[in-house]
Amino acid sequence: MAGQDEDLVEVDPYDPGDGSLPVYRWKQAGRATLATRRQLRQMGLRPAGAEPVARIACRGGKRWAWLYRIDLAKPKFR
């Protein structure tokens, strides 16, 4: 049993550790926690200097957008 636990690794989706960002396919990113700049703008928010935490890819990887954490977003200026 102890040998099985040694193979388990705790994964944090916001910190991949190797410097690369996770890439989600279209409509597979966490809607409740992540949003694109456009989605943030529709919510009246902005990234406020926060770094993107992931990317979303569509059209076979030919198009992509950064994803930001909604909980770190600030109200946008008017």
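Predicted model only: the values in this text are computed from it and were never measured.

Once that is clear, we can look at the environment of W66. Within the secondary structure layout, W66 lies in strand 5 (residues 63-69). The spacing of W66 and V23 is 43 residues in sequence and 9.3 Å in space, taken between C-alpha atoms. Apart from residues no more than four positions distant in its own chain, W66 is found in contact with L21, A35, T36, R37, P52, A54 and R55.

Glancing now at a nonpolar patch on the surface. On the surface, L21, W64 and W66 cluster together into a nonpolar patch covering about 280 Å² of accessible area. A relative accessible area of 34% means that W66 is categorised as partly exposed.

This part takes up the layout of surface pockets. There is about 590 Å³ of room inside the largest pocket. Lining the largest pocket are 23 residues, and of these W26, T36, Q39, I56 and A65 lie nearest its centre. For the lining of the largest pocket, the elements supplying multiple residues, two or more each, are strand 2 (34-35), helix 2 (37-42), strand 4 (54-58) and strand 5. A per-element tally of the lining of the largest pocket places strand 5 first, with six residues. For the lining of the largest pocket, the residue count by class is 13 nonpolar, four polar and six charged.

This next bit is on a positive patch on the surface. Together, R37, R38, R41, R59, R63 and K76 line one region of the surface with positive charge. For the positive patch, the element with the highest residue contribution is helix 2, accounting for three residues. Mapped onto the fold, R38 is located in helix 2.

This part takes up the pattern of salt bridges. As enumerated under the stated definition, the model contains one salt bridge in all. Measuring nitrogen to oxygen at the nearest pair gives 2.8 Å for the salt bridge that ties R69 to D71.

Before going further, it helps to examine the packing of aromatic side chains. All told, the structure shown has one aromatic pair when counted by the stated rule. Look at W64 and W66: their rings are 4.8 Å apart centre to centre, the planes differ by 75°, and that puts the pair in the edge-to-face class. Owing to a relative accessible area of 43%, W64 belongs among the partly exposed residues under this scheme. Over the ring of W64 we find R55, and its NZ or CZ is 4.7 Å from the ring centre.

About the cut-offs
- Residues numbered from 1 in each chain as written.
- Predicted model: local features only at pLDDT ≥ 70, side-chain atom pairs only at ≥ 80, totals over all residues.
- Heavy atoms only, no water.
- Helix = DSSP H or I, 4+ residues; strand = E, 2+ residues; numbered from the N terminus.
- Contact = heavy atoms within 4.5 Å.
- Patch = residues over 30% accessible without salt bridge, like charges linked within 9 Å, V, L, I, M, F, W, Y side chains within 5 Å.
- Areas by Shrake-Rupley, 256 points an atom, 1.4 Å probe, with all protein chains shown as cover.
- Salt bridge = Lys/Arg side-chain N within 4 Å of Asp/Glu carboxyl O.
- Buried < 20%, exposed > 50% of the residue type's maximum accessible area, 1.4 Å probe, protein only.
- 1 Å grid on protein atoms, 1.4 Å probe; cavity = no way out; pocket = protein on both sides within 12 Å on 5 of 7 lines; lining within 4 Å.
- Points joined across faces, edges and corners; volume = space filled by probe spheres on them.
- Nonpolar A, V, L, I, M, F, W, Y, C, P; charged D, E, K, R; others polar.
- Lys, Arg positive; Asp, Glu negative; His and termini not counted.
- Charge placed at Lys NZ, Arg CZ, Asp CG, Glu CD.
- Phe/Tyr/Trp six-rings, centres within 6.5 Å; stacked < 30°, edge-to-face > 60°.
- Lys NZ or Arg CZ within 6 Å of the ring centre and 35° of its normal.

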